[in-house]
Structure formats: structure tokens, C-alpha cells
Amino acid sequence: MQTFDTLDWIVIGVFCLLLIGVIVYVVRQKSNDSADYFLGGKDAGWIAIGTSIFASNIGSEHLIGLAGAGASSGMAMAHWEIQGWMILILGWVFVPFYSRSMVYTMPEFLERRYNKQSRTILSVISLISYVLTKVAVTVYAGGLVFQEVFGIEKLWGIDFFWIAAIGLVLITALYTIFGGMKSVLYTSILQTPILLLGSAIIVVLGLKELGGWDQMIAITSSVEVNDYGDSMVNLIRSNNDPDFPWLGALIGSSIIGFWYWCTDQYIVQRVLSGKNLKESRRGTIFGAYLKLLPVFLFLIPGMIAFSIHYQNISAGGEGFLPFLDNGVANADAAFPTLVAKLLPAGVKGLVVCGILAALMSSLASLFNSSAMLFTIDFYKRLKPETPEKKLVQIGQMATLVIVILGILWIPIMRSVGDVLYTYLQDVQSVLAPGIAAAFLLGITWKRTSAKGGMWGLISGLVIGLTRLGAKVYYSNFAEASDSIFKYVFYDLNWLYFCGWMFLFCILVVVGVSLATEAPEAKKIKGLVFGTTTKEDHDEDRKSWNKWDVVHSVIILGLTGAFYWYFW
């Protein structure tokens, strides 16, 4: 690994000063109430919303995991990344309902549509998933990135991984606690261009080192990934593929994508901070454009790193990627290895700033969303008379607790380092179906009852936890005998399981709804298709023009072209 030059440290120093400047500016504009602290005062424009959606989504699972997925399985995970079309569904279909309901959180929306129990169930699922997956995985991967890039094993006798990971958490937590949502929105405007520029430089220099795009396609096309003739380049693979059958990939990625982009507090909170419906929707359209980029900025570099490694080995030279103890190339080291080996002085510092930006933005959004869920969905319900300033302080304390829980979970998470992105999608594939079913039917079917939605969530949670428990058990006890339970909850392909689980949760919601009392028309007015008033419709129509439609069609066209090229 090349060491850092003075120029790199200067670049990092300038970036940190800019970051401090933004934070000081935000802190001086005091957040006087919880709407201001959590939603940035609900005055964000479409550029701030779009960049915040993108920056919040791009975390270390992309910088390490997605590049690692590209280096190990090629295009297979691109289904999860080329999902600008799903953000359009958020903007065109769901945002009007969320705005009309005047809520801060997604659990709060479920309470308006269903009942208090549904709100509590979703809050619990969300907080658990944030701490155990998103916070811990992001921090863990952040520590790995900086250990690889700086090439430092130990510092002051302590594993540098822990210094980098905990340092990252503390810096991010401080600016989230003091700045709230505004610090996340403003810093993402600063961070996003740096991240995009840094990653674009990696792609250009990586292709130059390799010999061009055609060389990468030629090498990856020659590497078969299954027994059915599919190569690393193929996005659509045989239905018999053990990992990514095309039908399972399309269904599973759509269910996970719908949950993540249209119902998850982590993303929707960015959109709810818009000053009006027009700005919120345009923010989603801009965010959808940006979402077309990660495949090229993070997955393609993984394929480039694999191709350089393959080319070097074929020529009898040393491998490009570092090797694991078992002699296999470490795919998850693809992105940081490209940074360390290919980038010149100064540029390396800039890309490290981009990585730091992505990690901090992702963590900051997580901390803020988690604090908001706890404050609004638990504390305020127990003590509704709490002054607004006290709510902001409670939110800051909740952030601190979430940080500590995330750090405590890291030692357990260290065992998943080589499958970061797949691990995340695997966990999300069992969290998503129940929530997706409750939201989808809640907004599209007037007959969905409070108990129907609630039991859909409960069935999803029970099945999901059973699948995760079975995965842990059977992974550690390989000699366990075959059974129907083992086949359904362990052996069945994870993507097909996600699809069947979603169908089961839909049937539960429909069955219980038909067997219980229908919701009152007054309760669901404006929250479900078919219950909106003429005023609602007129307000919605005023919030878009032909250019919003044109840009949405362009995004859909680009998505279709991507599938056609990598079919």
C-alpha cells in the first residue's frame, strides 16, 4: 500500500474545515422545536432533498459491500441499485398521502391509518434493524475502509480498526446531536459532489489501468458464475442459479426496494422535510437520477478490481487484491485497494474525503432517524405535555444511546465482514415483506382494517425472526437432519422466501380485514386511494408540471436501457 503524502493530508484538512464551517453555521441557527430539529424546519428545497436521499443511501455497504459484490459475483446485485424507478413511486404515489396525514414518522402514519399497536410494532422493528444492521454494519465497514486505505494495523498498541470506527462514530454523533436534521441536509450538499467526483476518478483511472471498458467486459464475460452458462456480466441469470435466480431477484429486490424507498423512516424523513409537495416530489425525481449512479460508481469499480487481479494472475504476476487466509482474493477490499494503489497524491486525499463523507452522512441520518422514532413514537406518547425544547434534548440523549448500542454490537458483527452487502440484503429480505404488505394495502385498499394491518406486521415479524434464528442455528450446526422446517426456513433460496413471505403477509392482511370491522370513512379520509377530496386532487395537480413527467419518463427509459445492456 502506498502511504499518504503531505498533499493528501492538506486536502483532508481543508475538507474537515469546510465541514466544521457548515456545522457551526447550523448550530448558530438554534432548533427551537422538534419539527425544526428532526425535519430541518420543513423548509428544504428539491436539491437538498435529492442530495440527502442519495447521500443517506450511500453508506459503507456501498463503498465496501457493493464493490465487493461486483468483484465476487459481477452484476448480480445491480437489481438493488438501479432502483430510481422505486423513488419515483415514493414521490408520485406515497408522498401526497404522507403529506396530507401531517406526520413526522412512518409509525405515526400507521397509527393514523390503523391503530396504536401497529405504530408500536413498526417502531420496535425499525429501531432494532437500525442498531443491529445499519449502525453496526456502517461503523464496522468504516473501520475496515480506513484500515485498508491508511495501511495501519495498530496505533498506540490498539487495533487501528477500532480507533477509526469509534472516531468516526463520535465525530458524526457530535454534529448530529448539536445540529439535528439541518446538519444532515447541509453537510450532504457538501459531501455528495465530493463523493461523486472521487468515485468517478476511481472508475476512470481503474479503466485506464485495465485497458478500457471493453477489456473489463471481455474478462468478466469469460468468467462463468454458475453451471448454466451465465457470466459475471449477466444481470438476468438462470432460474436454477443457487444465489440469484432471475425471477427471485426481480421479486425480492422489488419488495426490499419498496420497503426501503417508500416506507422506511430512514429515507422518507428526507422527503417529509420539503417545504411543500412540489419540492418534495422534485426532490425524489432528482434523487432518482442520482440513484442511477451507484452501479457505475461502486459496483463497476469492483468488477474493474477483479479484472486487473485476473489479468495480473493470468500473466504470472502478483494479484491486485489482497488475499484472505484461505488463499482467496478479498473481494471486499476492492474499493479501498483501488484508492490505495491507483490514485495519485492529492486525489487520494480527495477520495478519502468522499469515503468519509459517505460514512458520516449515512451515520448522521441513521442517528437522527432513530432519535426521532424514539422521541416521537415512545417518549411523546408517554408524556404528551413535554415542551418542544425538552423533546429536542431527549432526541439528543436517544442518539447517544443508539451510538453506544451500535458500538457494543460491532464485535458480534465482525464475523460478517466478508459478506457485508449480501448480509444486509438477507436481513432486509425478512424485515421488509410484512411492513411492505401493511403499507401497500393500507394505501390502496379502503377495506383494510386496523386489525388486518396489525396482524400483517406481526406475522411478518414472527416469520422474519424465525428465518433469522434458523439461519444462525443451521449455519453453526451443519449436521442437523433434514426436515420441512429446515427446507422452508433455511434451505429455500432467500429471494424466493422473501416473495412467498410477502404473499403470505398480504393474505393475512386481507383475511383478517375481511373477518373484522371495516374502518370508518372519517378515519381513513385522504389516506387511501378513493377517499381523497377534490381539494386534495387539485392541490396534488398544482404540485407538478409536464417537466416532472418528462424527467420521470427519462429515468424509466435509462433503467430499461440498463437492463437491456446487461441482460
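Details of the structure are given in the entry above.
Below is a summary of the structure that appears in this document. (Residues numbered from 1 in each chain as written. Predicted model: local features only at pLDDT ≥ 70, side-chain atom pairs only at ≥ 80, totals over all residues. Heavy atoms only, no water.)

Details of the environment of Leu-405
Phase 1 of the analysis: Locating Leu-405 in the fold gives a position in helix 16 (residues 388-413).
Phase 2 of the analysis: Residues Leu-405 and Val-131, 274 residues apart in the sequence, show an inter-C-alpha distance of 6.7 Å. (Helix = DSSP H or I, 4+ residues; strand = E, 2+ residues; numbered from the N terminus.)

So, the packing of aromatic side chains
Phase 1 of the analysis: Inspection of every chain in the model, using the stated rule, returns 19 aromatic pairs.
Phase 2 of the analysis: Taking the centre distance of 5.1 Å and the plane angle of 85 degrees together, the rings of Tyr-98 and Phe-109 count as edge-to-face. Taken together, the positions of Tyr-98 in helix 5 (residues 84-100) and Phe-109 in helix 6 (residues 106-113) put the pair eleven residues apart, joining distant regions of the chain.
Phase 3 of the analysis: Judged by its relative accessible area of 1%, Tyr-98 is buried.
Phase 4 of the analysis: For Phe-109, a relative accessible area of 2% translates into the label buried.
Phase 5 of the analysis: Relative to Phe-335, the ring of Phe-298 has its centre 6.1 Å away and its plane inclined at 55 degrees; by these criteria the two rings are tilted. You can see Phe-298 sitting in helix 13 (residues 294-314) and its partner Phe-335 sitting in helix 14 (residues 334-342), a full 37 residues away along the chain. (Phe/Tyr/Trp six-rings, centres within 6.5 Å; stacked < 30°, edge-to-face > 60°. Buried < 20%, exposed > 50% of the residue type's maximum accessible area, 1.4 Å probe, protein only.)

Thoughts on the pattern of salt bridges
Phase 1 of the analysis: Tallied over the entire structure, the rule returns five salt bridges.
Phase 2 of the analysis: The salt bridge partner of Arg-282 is Asp-548, with a shortest N-O separation of 2.9 Å. With Arg-282 in helix 12 (residues 277-290) and Asp-548 in helix 23 (residues 546-565), this pair connects stretches of sequence that are 266 residues apart.
Phase 3 of the analysis: For Arg-282, a relative accessible area of 22% puts it in the partly exposed group.
Phase 4 of the analysis: The class for Asp-548 is buried, based on a relative accessible area of 5%.
Phase 5 of the analysis: For the salt bridge of Lys-486 with Asp-491, the shortest nitrogen-to-oxygen distance reads 3.4 Å.
Phase 6 of the analysis: Classification of Asp-491 as partly exposed rests on a relative accessible area of 39%.
Phase 7 of the analysis: Where salt bridges share partners, they join Asp-482, Lys-486 and Asp-491 into one cluster. (Salt bridge = Lys/Arg side-chain N within 4 Å of Asp/Glu carboxyl O.)

A short note on helix 15 (residues 347-382)
Phase 1 of the analysis: The terminal C-alpha atoms of helix 15 lie 51 Å apart, and with 36 residues this matches the ideal 52 Å at 1.5 Å per residue to within 8%.
Phase 2 of the analysis: A maximum bend of about 30 degrees is found in helix 15 at Thr-375.
Phase 3 of the analysis: Burial analysis of helix 15 places 29 of its 36 residues in the buried class, the great majority of the element. (Expected span 1.5 Å × (residues − 1). Bend = angle between axes of the 7 residues up to and from the residue.)

Here we look at the environment of Ala-249
Phase 1 of the analysis: If you trace the backbone, Ala-249 turns up in helix 10 (residues 246-263).
Phase 2 of the analysis: Given the relative accessible area of 0%, Ala-249 is considered buried.
Phase 3 of the analysis: With 19 residues separating them in the primary sequence, Ala-249 and Val-268 have C-alpha atoms 24 Å apart.
Phase 4 of the analysis: Contact partners of Ala-249, with chain neighbours within four places excluded, come to His-79 and Leu-495. (Contact = heavy atoms within 4.5 Å.)

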